[in-house]
Structure formats: structure tokens, C-alpha cells
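# Inside the fold
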Amino acid sequence: MEKILEVNDLHVSFDTFAGEVKAVRGVNFHLNKGETLAIVGESGSGKSVTSKAVMGLIPNPPGRIKQGEIKFGDRNLAQLPEKEMQKIRGSEISMIFQDPMTSLNPTMTIGKQIMEGLIKHQNMNKSEAKERAIELLKLVGIPNAEGRVTEYPHQFSGGMRQRVVIAIALACNPRVLIADEPTTALDVTIQAQILELLNDLQEKMGTSIIFITHDLGVVANIADRVAVMYAGKIVETGTVDEIFYNPQHPYTWGLLGSMPSLDSTDEELIAIPGSPPDLLDPPKGDAFAPRNPYAMQIDTEMEPPLFKVSDTHYAATWLLHEKAPKVEPPAAIKKRMQGMAPDEPIIGAKDGGKHV
Amino acid sequence: MGRYIGGRVVSMVITFLIIASLTFFLMKLLPGTPFNNQEKLTDTQIVQLNEKYGLNDPVAVQYFSYMKNLFVGDLGVSFQQDGREVSTIIGERIGPSAYLGFQSIVLGTIVGLFLGIIAALRHNSFLDYGTMVIAVLGISIPNFVIAGLMQYWLGVKWELLPVAYWDGFAYTIMPTIAIASIVVATIARFMRTEMLEVLGQDYITTAKAKGLSSTAVVIRHTIRNASIPIITIMGPLVVALMTGTLVIEQIFVIPGLGEKFVNSIMTNDFPIIMGTTLFYSLLFIVVILLVDIMYGIIDPRIRLAGGKD
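An unreviewed UniProt entry annotates chain B as Peptide ABC transporter permease of Guptibacillus hwajinpoensis. Listed under Subcellular location (unreviewed entry) in UniProt, the entry text for chain B is "Cell membrane". Under the UniProt heading Sequence similarities (unreviewed entry), the note attached to chain B is "Belongs to the binding-protein-dependent transport system permease family."

Under an unreviewed UniProt entry, chain A has the name Peptide ABC transporter ATP-binding protein and belongs to Guptibacillus hwajinpoensis. Regarding chain A, the UniProt comment filed under Subcellular location (unreviewed entry) reads as follows: "Cell membrane". Taken from UniProt, the Sequence similarities (unreviewed entry) comment for chain A reads in full: "Belongs to the ABC transporter superfamily."

In C-alpha cells form, the structure reads like this:
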């Protein structure tokens, strides 16, 4: 499969009065053409910072990309000058933001907001851009697009605004779309509509999507592959099936355990104890060790490397080391993993196939 | 929009009437009569004068006769100046005040906006701190101090500008700068805060994510949104300038309205007090209406709340 974007050993830090906050500490991932990669993690795990780094939108100062490369085609976005980055932003890589209520300019018609990118990147004149804007509004499912193109954001509901935001992002047919928690601020029925829309649009336009979320339920709906982030690192990565049915990292177990499901009545939600480490002074060894009931001596001394589970499945936990004791995920989580099994027979965890 | 403005005009008239009534009764509480200071008058003359100007009538009668005249646009005659029409006196005096006020507000706003925008864009830089020092000085140093310093250096020492009086453009420069200093300071501070606030908004990130240049982001997305609160302070600021030029008018010996206003209060010249107060109120009410209309033009959310267009 063709890799469209590759992030290697990315480090992003923020200089604060208290010191250097290492928000992203050596992240590696790649995005294949046409797929959806979900980056999952709790607040502060560095998932948004990673995506902002790809967009070149880390505010500097205080933020900076310390090291690493972001390969997009033959270019390294981590070192691209701002002028060059502006040409890529919005035309080749676009972004959808979390809160549609605040991510649109309140004093500009939505038509103009869509047209801006078109005029900038595709050298369209105003009337061409307007036509395309109407087309885009239709594409994202806004009724009466011709009439609504001259309306302002406050005249739209939250879900409709998010459709507008998506239209802005897709205006120039980007190759990569980064969706930073695009459904978090929406109510559940609207969430489903937006996910469906993204799925449809991906099919139509062939865009690759990086989908950032803390909601594993959403991941199951939309992603092909998943990267689980914790404390500025990717701790487990694999296909959706691998992550859901054969998770290896205790943190992934914790995430799955804390996800509510509708079909079961007797299970309780299992919270992950404690809170994420302070990235001003990241702990030695495995950052998850203090919260990990399966932590071993080595976890506090040395960082685990990524152990290979399958060609597509890697996890950074010492539990996968050959000398480690065999540990099974907690019973409740195992049960839940089974509970999440689809109606059709479980696809082998190691075949890497897409679960639809 | 038309309906919205119509509604506003009606409430403006009511406000105006309330102000006229309140001022009238408050004014009657002032100690003394307009003629107390004229020791040369005999008792009979005072009685005659009181009779002539209707000051012996009950306050209610005076009030209704004043309001009746007000409706036909008659502000009465001055007690102090040989019975000259109040409207004539205001007309004579308003010219220099309005000219100075207008010139200062235009200069002050342009410079203030510019400084505020620069300070915000170069946040936490030397330029930012420098601008804010200017702003704090502009607010904390009274404008008559600035006026005095300018008169001394620019007028007396270097003989660049006329020290005082009112005789052409050169005479307006120093008073304009003195008055504009507070406008520059106020607007620069507000604009900086608002710009920083807007620059942190999500929609600015959206605009950047579209690949717009930073200039386009600032001009198209930031300044317009940051200006909305500026318009709010512009209203009272304009009026404060129109009235607050009093000290400056005296320092530079400018025959303006502010000077007349204070004199009229000291001499109990009731018709002039009423006339100038009502004039200032009218100005204030109209400026507030203009501000609201401008709001509607800049911020579409308010346009809709006001009434369907």
C-alpha cells in the first residue's frame, strides 16, 4: 500500500515558565492512501499536538518541533518554510476541528469562508469559487445550498456547521484530512450523521483520514487502523480488529474497559486509576507504569520498545517480552472484547482485514 | 433594518424628554437666582426681571412652558447676554468644539487602532511593551499636562506652532494632539486586548488551516471581529471628547461650547444650561444610535436580533 504520510520520531515541546513540556516524545506512524487512521488517547496524550505538527500549526513560541520528520511525498513538513507550508495547508492537507460552534468566523458568510481556500489555492475567480462552494455545500448535505451560501454561521445548527467545516476542509480535494475530534462537541444522533458523511466522502474522494478521538466507539465505526497514544507516545498500533479483539497493551485494555456499551446489562465501567504523567518531567521507564496493575520492575527502569505482534500490530509493553510472565487481560475486559464481536464470525486478529 | 431604526428613534425621543425634564428640575435645585451676582440691580429691578423671565411662576408652570417651547424648537434666550437666543449662542460656539473633537477622534482612532494591532501581532515583544507604555502614559497623564508641555516646547521654545488662540489649521494641531492622546491610549489598549482574544479563537486556526497568509488572516478574520467591542467604547468616547475638551479649550483660548457650558452653570443662566445639556444629550443619543447601527453592519448576529431584514 502506498504510504501518503509518514511521521518518524516526532518530538514536539512547549517552552513554559515551568520548563519544557514534552508533549510528543518520539511518535512514529504512517498513513496509507485512502485509509482512515484513528489516533486514540485521553486528554493530554499528545494526539492533537501531533496533528497540529503535521499541519504546521504549532504556535511558535512556545511550541516547537524538536526533532523528527514528517514525510509528505518527497517533502519534510517538519522543516518546510511557512510560505511553502501555506501552499500545502488547505489544499493538500486539511483539518476539521472539534467545535463547530467556534471554528467558523461569526462575521463572515459561510460561502466566503469556503471560497477563501479555493481562491487562494486553485486560482478561481469569485463566481467560480461561489459555484464550487454551493457544490460543496450540496456534497456535505446542506439543503437549499444556493440560498444558504450567503448566510452566517449563527444561522446554522451545530451539526450543519460541522458540515460547513467539512466543506471548507474538502474544498480543494485534499489528499489528507485530519479530523481532530470532529464529533466530540455534537450530540449523539448528529455524531452518527457526521461519521457517515465522512465515510461517504472518503469513498467518493479517496481522501486519507487521520481521525483523532478519545471515543473508541467512534473508532470502531470509522477507522481501518488505530494508534493508541499515551503520554506523548504511541503505545499500541494495529488494525481495528487487532486493537479491539487482541489488544496487548494494558493501557488499551484500560481504554476498552472504560468504554460503555449498550448491549450488556451487568458489566461495570472500569476506570483507569490515577492520571497521566506530568510531561514537564516524564517518568523514567514506561510512562504508564504507575497506573498499570501489571507493571513489572523493568517498567520503572527502562522504556519498552515496540514489540511486534503481527505485521500490522505493535505494542510497547514489556509484557510482550519473551521472559515476561503470561498475563491475560482482566476478565471483565475479555468479556467485553467478546461482547464487541461482530455478528459475522470474528475476523482473525492477525489478518489485518478491514472490519466494516 | 428600517423598522429597527424606527423603533430606536421613538425610544430616543422618550429618552430625550426624560433627560429634558430631569435636567429642568435638577437645575431648579441650584442655589441662587440668575441675578444674584448683579449687585448693581435694585430690588425693584430684580422683581421686574423675575417677572419678565417668568421666574416667579410655580416650577410646574415654568416646566410646562419650557417644554411647550422646546417642542417648537425654541430654547429660549440667555439671561446673561442681553437676551440673545440660546440656539444662536450654541451655534456660534459649537464650531470649534466639533472641529477639534472630530479631528481628535479621527486621528486618535487611526493611531490607536494601528498601535493596538501592532502590539497584539508582536505580542510580548519590545514593540508590544513600548506601545503599552505609551498607552498607560496617555491615560494617566492628564491632557492639560500634555497641552502645557507642548505649548512650552513646540510653541515657546522652538516656535513651531502658535501657542494659543483659534485662527486656522496650525492653531488646531496642539489641542488636537492633547485631546487625541487619551483616544489613542484607550483604543490602543482595547484593540490589543481584543486582537489577542480573537487571535486565540478557533476560527483563526481554521483560517490558518486553509493556508491563508498571516496578513490575510489578520485583515479578513481578526481585525473585523476585534473591532466590535471597540465600537462600543467609541460612542461614549466621542461624547466625552465633545464635552471634555473644556480644559483644553481654556488652555488654548478656543471659543468652544465647553467653556460656555461651565460659565452658564456658575451664573445660573438656566436657558443656556438647559440648551447645552439638551444639545449634549441629543449628541449622545444620536452617537449611541450610530454605534448600534455600525454594530449591525459589522456583526451579522446583531443585525438579525434587531429585526428581520
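Having seen the model, we can carry on.
### Concerning the interface of chain A and chain B
The partner chain B presents 22 residues to the 25 residues of chain A that form the contact. A combined buried area of about 2,000 Å² lies between chain A and chain B, and 59% of that area is made up of carbon and sulfur atoms. Where chain A touches chain B, the interface holds 2 salt bridges. Glutamate 116 of chain A is the partner of arginine 220 of chain B in a salt bridge, and the nearest nitrogen-oxygen pair spans 2.8 Å.

### Examining the domain arrangement of chain A
Residues and elements named next belong to chain A. The domain architecture assigned to chain A consists of domain 1 (3-223) and domain 2 (244-339). Measuring from the centre of the C-alpha atoms in domain 1 to the corresponding centre in domain 2 gives 29 Å. Each partner contributes to the roughly 1,100 Å² buried at the junction of domain 1 and domain 2, and carbon and sulfur atoms together form 65% of this total. The three residues of domain 1 that bury the most area against domain 2 are Arg25, Glu42 and Leu216, which together make up 49% of that side's buried surface. One salt bridge connects glutamate 42 with arginine 291, and the closest N-O pair in it is separated by 3.0 Å. Where the side of domain 1 that touches domain 2 is concerned, the elements lending two or more residues are strand 2 (19-32) and helix 8 (216-222). Top contributing element to the side of domain 1 that touches domain 2 by residue count: strand 2, with 6 residues. Taken together, the residues that form the side of domain 1 that touches domain 2 break down as 7 nonpolar, 6 polar and 4 charged.

Procedures and definitions
- Residues numbered from 1 in each chain as written.
- Chains lettered and ligands numbered in written order.
- Predicted model: local features only at pLDDT ≥ 70, side-chain atom pairs only at ≥ 80, totals over all residues.
- Heavy atoms only, no water.
- UniProt positions renumbered as here; feature names shortened; annotations may be inferred.
- Contact = heavy atoms within 4.5 Å.
- Buried area = accessible area lost by both parts, 1.4 Å probe.
- Salt bridge = Lys/Arg side-chain N within 4 Å of Asp/Glu carboxyl O.
- Domains from an automatic or database assignment.
- Helix = DSSP H or I, 4+ residues; strand = E, 2+ residues; numbered from the N terminus.
- Nonpolar A, V, L, I, M, F, W, Y, C, P; charged D, E, K, R; others polar.

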